[in-house]
Amino acid sequence: MVRFTASYARYPYGRTARLDGVLREAGIDEGLIAQIMAGGEAVKKTDKQAVKVAWLRGAMQRMDALLDHDTRVRVRAMSACCLEGERGKLARKLARENETLAERIAAANAAHFLFGHSVTEQLDGSLLVLFQPEGQPAYRCSCLGEVSEPLSLTYCMCCGGHVRHHLQTVLGCELACEVLSSALASAGRQPCSFVLTYAQETL
């Protein structure tokens, strides 16, 4: 990836290189980056998945200790994937073809290609996004697969960035996103779920 050329030259595993790149792009202090990325150079693309996940677990723990919540959300959202392409086109199409907020929410709910299982409005006006239906015997992350030990929800804020990006496009307003649960944070016991709230100026 041209965007993070220097990071990819230093870190042979793509997710490690991408984390280094977004930390630098976000303007995080070099000393903090060095602590978060400790040992990342040794993780290779050919390593077993368990080795890669173990390093990512540690990196997220270090981020949790060194960076405040809002900074972690911002950094991980910068790692969000699938923001353009067919998904971007579909989000813009839904916005064009639906006029009211209720119609757009309904259209977003039907567009499983964008958000997974569902998008539903809650009694308090927030929006709940589920990547998988509740009540399944087990859940797995579409990026990292099954894990035997939990990862911090910080890792899953990249998917939060994906959800926020596309829902903002569909609804035409600013949103804030929090990760409620995830397959990674629960080691497969809970679905990936996100709650989105409207920015104050939208209300």
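Residues numbered from 1 in each chain as written. Predicted model: local features only at pLDDT ≥ 70, side-chain atom pairs only at ≥ 80, totals over all residues. Heavy atoms only, no water.

Peer 1: What is the right way to look at unusual backbone geometry in this model?
Peer 2: Most peptide bonds take the trans form, and the phi angle of most residues other than glycine is negative. The backbone of Cys82 sits at a positive phi, close to 55°, despite the residue not being glycine. Relative to the helices and strands, Cys82 is located in the loop between α5 (69–77) and α6 (85–97). Classification of Cys82 as partly exposed rests on a relative accessible area of 37%. In the Ramachandran plot, Ala187 falls in the positive-phi region, its phi being about 55° despite a non-glycine side chain. Following the sequence through the fold, Ala187 ends up in the loop between β3 (175–181) and β4 (193–198). (Helix = DSSP H or I, 4+ residues; strand = E, 2+ residues; numbered from the N terminus. Buried < 20%, exposed > 50% of the residue type's maximum accessible area, 1.4 Å probe, protein only.)

Peer 1: I tried to follow the pattern of salt bridges on my own but got confused; where do I start?
Peer 2: Under the definition given, this model contains ten salt bridges. Glu41 is the salt-bridge partner of Arg10, the closest N and O atoms lying 3.0 Å from each other. You can see Arg10 sitting in helix α1 (residues 5–10) and its partner Glu41 sitting in the loop between α3 (30–36) and α4 (49–66), a full 31 residues away along the chain. Among the residues examined, Glu41 registers a relative accessible area of 36% and is labelled partly exposed. Residue Glu146 is joined to Arg140 by a salt bridge in which the shortest nitrogen-to-oxygen separation is 3.8 Å. With relative accessibility at 62%, the residue Glu146 sits in the exposed group. Several salt bridges converge on common partners, so that one network encompasses Asp20, Arg24 and Glu30. (Salt bridge = Lys/Arg side-chain N within 4 Å of Asp/Glu carboxyl O.)

Peer 1: Just checking my understanding: could you explain the nonpolar core for this structure?
Peer 2: In globular proteins that are soluble, nonpolar side chains generally tend to be buried together. In this structure, Leu19 and Leu167 are the most contacted members of the largest nonpolar core, which totals 56 residues. Broken down by element, this core gets its largest block of residues, nine residues, from helix α9 (residues 153–171). When sequence neighbours within four positions are dropped, the list of residues in contact with Leu19 reads Ile36, Met37, Trp55, Ala59, Met60, Met63 and Arg76. (Core = buried A, V, L, I, M, F, W, Y, C linked by side-chain atoms within 4.5 Å. Contact = heavy atoms within 4.5 Å.)

Peer 1: How do you make sense of the environment of Ala17 when you look at a structure like this?
Peer 2: Mapping Ala17 onto the fold places it in helix α2 (residues 14–25). Overall, Ala17 belongs to the buried group, its relative accessible area being 0%. The sequence separation of Ala17 and Ser193 amounts to 176 residues, and the corresponding C-alpha distance is 27 Å. Leaving out residues up to four positions away in the same chain, Ala17 has contacts with Ser7, Tyr8 and Tyr11.

Peer 1: Can you walk me through the side chain of His166 in this structure?
Peer 2: For His166, the location among the structural elements is in helix α9. Setting aside chain neighbours within four positions, we find His166 in contact with Cys82, Leu83, Arg87, Gly88, Ala91, Leu114 and Phe115.

Peer 1: What should I look at first to understand the sheet that holds strand β1 (residues 118–121) in this one?
Peer 2: Here we have four strands laid out as an open sheet, ordered β1-β2-β4-β3, and antiparallel in their pairing. The sheet is open, and its two borders are formed by β1 and β3, each paired with just one other strand. Here the strands of the sheet are splayed against their neighbours by 25° on average, with no regard to which way each runs. For β3 and β4, the ladder comprises six bridges, and the chain directions are antiparallel. The partner of Ala176 across the bridge, within β4, is Thr197. Strands in contact with helix α7 (residues 101–110) are β1, β2 (127–130) and β4; relative to β1, the strand with the most contacts, it is inclined by about 150°. Here α9 sits on the sheet in contact with β1, β2, β3 and β4, set at roughly 140° to β3. (Pairing = 2+ DSSP bridges. Axes fitted to C-alpha atoms, helices over the stretch in contact; angles between N-to-C directions.)

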